[in-house]
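Letter by letter, the chains look like this.
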Amino acid sequence: MARGIRDQVAIVGMGCSRFGERWDAGPDDLMIEAFQEASADAGIERDRIEAAWLGVFYQEQSTSKSGLPLSMALRLPNVPVTRVENLCATGTEALRGAVYAVASGAVDIALAMGVEKLKDTGFGGLPERAKGTFEDLWQPGFTPPGAFAQLGAAYAAKHGLSMQDVKRAMAHVSWKSHENAALNPKAHLRNRITIEQALGAPMIAYPLGTFDCCGVSDGAACAIVTTPEIARSLGRTEAVTVKSLQLAPSNGVELSHGSWDGAHTPTTRLAAARAYAEAGIAGAEAIDLFEVHDCFSITELVLMEDLGFSAEGRAVYDILDGRYDRSGAKPCQIDGGLKCFGHPVGASGLRMAYEMYLQLLGRAGARQHSPQGKAPALGLTHNLGGIPNRNVAAIGIFGLMDV
Amino acid sequence: MRALLSAGVYLPRARLPRSTIAAGHAWFNPNLPKGGERTYAAWDEDSLTLAVEAVRACTADVLANGIAGSHRQFGALAFASTTFPFADRSNAGLVAAALGREGLLQARDHGGSLRAGTSALLAALQALADPACPETVVVASDTRQAKPASPQESQYGHGAAAFRMGRATDGTAVLAEYLGGAAITADFVDHHRSDGEDFDYTLEERWVRDEAWGKLLPGAVGPALAAAGIAANAIDHCVVNAPAAAQKKLAAQLGLREGVFVDTLGKTVGDTGTAQPLVLLAAALEKATPSALLLLIGFGQGIDALVFRAGALAGCSAASNFSAALAAGRQEPSYTRYLAHQGLLAMELGMRGERDNRTAQSVAWRKRRTVTALIGGKCRDCSTVQYPLTRACVNPDCRAFDTQEEFPLADCAAKVKTFTEDWLAFTPAPPLVYGNVAFAAGGNAFIEFTDAAPGETAVGQPVRFVFRLKDRDALRGFHRYFWKAVPVSLHDHGEGN
């Protein structure tokens, strides 16, 4: 019987570049910026890294394929580097590779790096991407906002809500992320907005307006992972460990089967159930704060239910009640989220882990969450790669060693 | 007897008021006509997609469970047009493939003249003299371009009409019995369009009226009436796309009764080229009482004349879907939208419009039933319907390998599960509307919508599926087609759809 990943691997160093329209930096600059922070944090030089995983999504756009871009950028000592890609779950997938390598005993110290350089296309929004020779013959020429926007109409219809009410909750989601990012020096979008601004913005893809969409950002984030024993030998008295890493990809149901209602993400529900079990917790109530894949405000809204933080049909009310605000019972996107910290696709899963790492160690500065005056004990990260019709859900749960 | 068994008409939804055209050109030519409107093809329609819809309307045989497709039992398909999308790729063959009838048919293209529609009809009816000849569908469709501010811009329309014909025993209820026909050829160049040219070059109407309409018609009409054994003054409806100014003289020259000329639809549809005589015939058969006599005339480097007697199926709105197609129009009073969708105005399409739409032809061939005919799969083990058909069943409780049989979905009832109107995605007609539809038979499709203006789509709305251009590959001159969902209540073409 497999025992899962809980507490077998510690994170001893993390780094994250400044996110944004980094006209000054290429993918190698971004990776070095993240790595130098992690290396200094861990007290581990690059020659002690025994294996590395590189996550990048639009390799055509930014780095080219293979593990070489990381090996070459950091001039790693010819250690194995594996390039992984799993849509927007790519960063979490890179972390999973490194964590599994340490847990297996194959290596003592591993690096997970995620990077994306999006702002070299010459136009706004995400780059165009072929879906495959067959899929291009029949699937709509969708954009990410349009593909996710469909959750809106289906959710409103399913719960008998007016789009106006759903839009109000969506606006609150975006307003909250702008509020949170204003406190985060590395975030892409640090301006504050009003609910009215969000509601009155031009339509991108019904029902999503401009402020319902996350930033298209350049950035990199990385983690250095090792065994709890080595973490202690490095002098770490408080180590962050991985409690769970779970992945659930679609198998075609949302694309072709009649059972999907278009208003939720079944893969997230599957991954959440597995993640809570692996972490040895009952469910969302044990989590102190969390980061979800808020590529669009409507995505965050439905994820509150898919992850079990809100009851079925209650997300709109919980959001408007402030339950997920920084001062609420369960802060969500305390770093600004994809919405405002930014969404360099391959880096995003690791960016979320970076925030949990800082929060758990009490190092999050002005945005530190302190339930009952203490640092939080358990944090959750969630990615939803792809589009609701075909996606990959990834969940990470992180906590202090003894929790 | 040889008979027309059913008829179908398709008119694009977009109607351009002639006053809109005139207003656009008031500075250039203040005398353009202002009354009425014309049809025009949307950016994702062409002569081929119009033809597919006309054939579907003509051959619809929807079963109680909402599934048709397999019941289009005709053995030959003739497609007439002067605006085929392909010069070398059987256009009729592609229409057949879209209808799921690939492999069973003779499929032939007829072009070269505006007379091609009536010539194809005449040839098919003459072939039916052979008892071994299968039922045949003839479809004519045109989407002619016209130079801005030309008289043709206001006169032309886009549309398609189809007839199914076959042998029937006496006493069978038919749409119209074919009594006889004749044709003559004459190289009269009233207008022409050379290979590679976009526009017609048109000569003076007075010359055409006097020399062609006046002098050439009797040469075919006389023999046709003789073959039918009908006197000219017995004709009840003369179906000819002749200018109104020529009709009185024509009546005298041909010995027809006054008032037998049908409305040529100049103010509602426009001149649909090769399709026009067939559109007019379909419209006439809705009004003709059973046993009324009809004379159909086609003109273009000669004359075709065909004589019919209306059958028991004529004389009602179910005789063809012409009235329904006409009523389904929607005014699009933007002149620049018309120009852009005819390819006559280079709009800023943005960098997303630079996407390479190269088609992997080997994939398109392997998947042609899925893509071209919208055929999904149905699992033998669990009866789950799914799109697309795949090797393993999508039902999470089944997942059996190699149990799926073909299940046609093009005529299956379906409803909007969810949708979006995407202003960011590239499309020549923003926003790009797409979403998920649930088939009544089960299964889901993630699919593009069309003919849906912003605000017109809603969750739960019924949709029907239409064959449309998906992409144009400008680099390689290729047109790529697929099916799209149309909200039904807004675009209902009446019977059988």
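Residues numbered from 1 in each chain as written. Chains lettered and ligands numbered in written order. Predicted model: local features only at pLDDT ≥ 70, side-chain atom pairs only at ≥ 80, totals over all residues.

Quick word on the overall build of chain A
Logical step 1: A tally of regular secondary structure across chain A gives 14 helices and eleven strands.
Logical step 2: Relative to its length of 403 residues, chain A is compact, with a C-alpha radius of gyration of 20 Å against a globular reference of 22 Å.
Logical step 3: Projected onto its principal axes, the C-alpha positions of chain A cover 55 × 50 × 45 Å. (Helix = DSSP H or I, 4+ residues; strand = E, 2+ residues; numbered from the N terminus. Rg over C-alpha atoms; globule rule 2.2 N^0.38 Å.)

Looking at the overall build of chain B
Logical step 1: Summing up its helical and strand segments, chain B has twelve helices and 22 strands in all.
Logical step 2: Here chain B has a C-alpha radius of gyration of 23 Å; the compact-globule value for 497 residues is 23 Å, and the two agree.
Logical step 3: Seen through its C-alpha atoms, chain B measures out along the principal axes to roughly 75 × 60 × 35 Å.
Logical step 4: Looking at chain B as a whole, 52% of its 497 residues are labelled buried.
Logical step 5: Across chain B, every contact between residues at least 6 apart in sequence was considered, and the portion connecting residues at least 24 apart equals 72%. (Buried ≥ 20, exposed ≤ 12 C-beta atoms within 10 Å, placed from the backbone. Contact = placed C-beta atoms within 7 Å.)

As for the sheet that holds strand E15 (residues 375-379) of chain B
Each strand in a sheet pairs with its neighbour through backbone hydrogen bonds, running either in the same direction (parallel) or in the opposite one (antiparallel).
All names here are of chain B.
Logical step 1: The strand order across the open sheet built from three strands is E16-E15-E17, with neighbouring strands paired in antiparallel fashion. Of all strands in the sheet, those bounded by a partner on one side alone are strand E16 (385-386) and strand E17 (404-408).
Logical step 2: Where E15 meets E17, five bridges bridge the pair, whose relative direction is antiparallel. When the sheet's bridge partners are listed, Gly 376 is paired in E17 with Phe 407. (Pairing = 2+ DSSP bridges.)

Observations concerning the packing of helix H6 (residues 205-228) of chain B against helix H7 (residues 244-254) of chain B
Residue and element names in this part refer to chain B.
Logical step 1: Remark: H6 packs on H7, axes separated minimally by 10 Å, with the N-to-C direction vectors making an angle of 35 degrees. Pair H6 / H7 crosses with right-handed handedness. Residue-level contacts link Arg 209, Trp 213, Gly 214, Leu 217, Pro 218 and Val 221 of H6 to Ala 245, Ala 246, Lys 249, Leu 250, Gln 253 and Leu 254 of H7.
Logical step 2: For the contact of H6 with H7, the residue count by class is eight nonpolar, two polar and two charged. (Axes fitted to C-alpha atoms, helices over the stretch in contact; angles between N-to-C directions. Left-handed = near helix turned anticlockwise from the far one by under 90°. Nonpolar A, V, L, I, M, F, W, Y, C, P; charged D, E, K, R; others polar.)

A look at the packing of helix H2 (residues 47-59) of chain B against helix H3 (residues 91-98) of chain B
Residues and elements named next belong to chain B.
Logical step 1: In contact at an axis separation of 10 Å, H2 and H3 are set at 50 degrees when each is read in the N-to-C sense. Looking at the two axes, H2 sits oblique to H3. The element H2 and its partner H3 pack so that their crossing is right-handed. Listed contacts from H3 to Leu 48, Ala 51, Val 52 and Val 55 of H2 are Asn 91, Leu 94, Val 95 and Ala 98.
Logical step 2: When the residues that make up the contact of H2 with H3 are grouped by side-chain class, the tally is seven nonpolar, one polar and no charged. (Parallel < 35°, antiparallel > 145°, perpendicular 65-115°, else oblique.)

A short note on the domain arrangement of chain B
Residues and elements named next belong to chain B.
Logical step 1: You can read the domains of chain B as domain 1 (2-341) and domain 2 (351-374 + 409-490).
Logical step 2: The interface of domain 1 with domain 2 comprises 20 residues on the first partner and 18 residues on the second.
Logical step 3: Elements that contribute at least two residues to the side of domain 1 that touches domain 2 include exactly H2, H3 and helix H10 (335-341).
Logical step 4: For the side of domain 1 that touches domain 2, the leading source of residues is H2, giving three residues.
Logical step 5: A per-class count over the side of domain 1 that touches domain 2 returns ten nonpolar, five polar and five charged. (Domains from an automatic or database assignment.)

Digging into the interface of chain B and chain A
Logical step 1: Taken together, the contacts link 38 residues of chain B with 33 residues of chain A.
Logical step 2: Within the residue set of the side of chain B that touches chain A, elements represented by two or more residues are helix H11 (361-366), strand E18 (414-422), strand E19 (432-439) and strand E20 (444-448) of chain B.
Logical step 3: Tallying contributions element by element places E18(B) first for the side of chain B that touches chain A, with six residues.
Logical step 4: By residue class, the composition of the side of chain B that touches chain A is 20 nonpolar, eleven polar and seven charged.

Digging into the sheet that holds strand E7 (residues 159-167) of chain B
All names here are of chain B.
Logical step 1: With mixed pairing, nine strands are arranged side by side in an open sheet as E5-E4-E6-E7-E1-E8-E13-E12-E11. The strands lining the two open edges of the sheet, one partner per strand, are strand E5 (106-110) and strand E11 (237-240). Geometrically, the sheet is characterised by an average inter-axis angle of 25 degrees between neighbouring strands, direction not taken into account.
Logical step 2: For strand E4 (residues 76-80) and E5, the ladder comprises five bridges, and the chain directions are parallel. The residue of E5 that forms the bridge with Ala 78 is Arg 108.
Logical step 3: Sitting on the sheet, H2 touches strand E1 (2-10), E4, strand E6 (136-142) and E7, and the angle it makes with E1 is about 125 degrees.
Logical step 4: Lying on the sheet, H3 is in contact with E4 and E5; it crosses E4 at an angle near 125 degrees.

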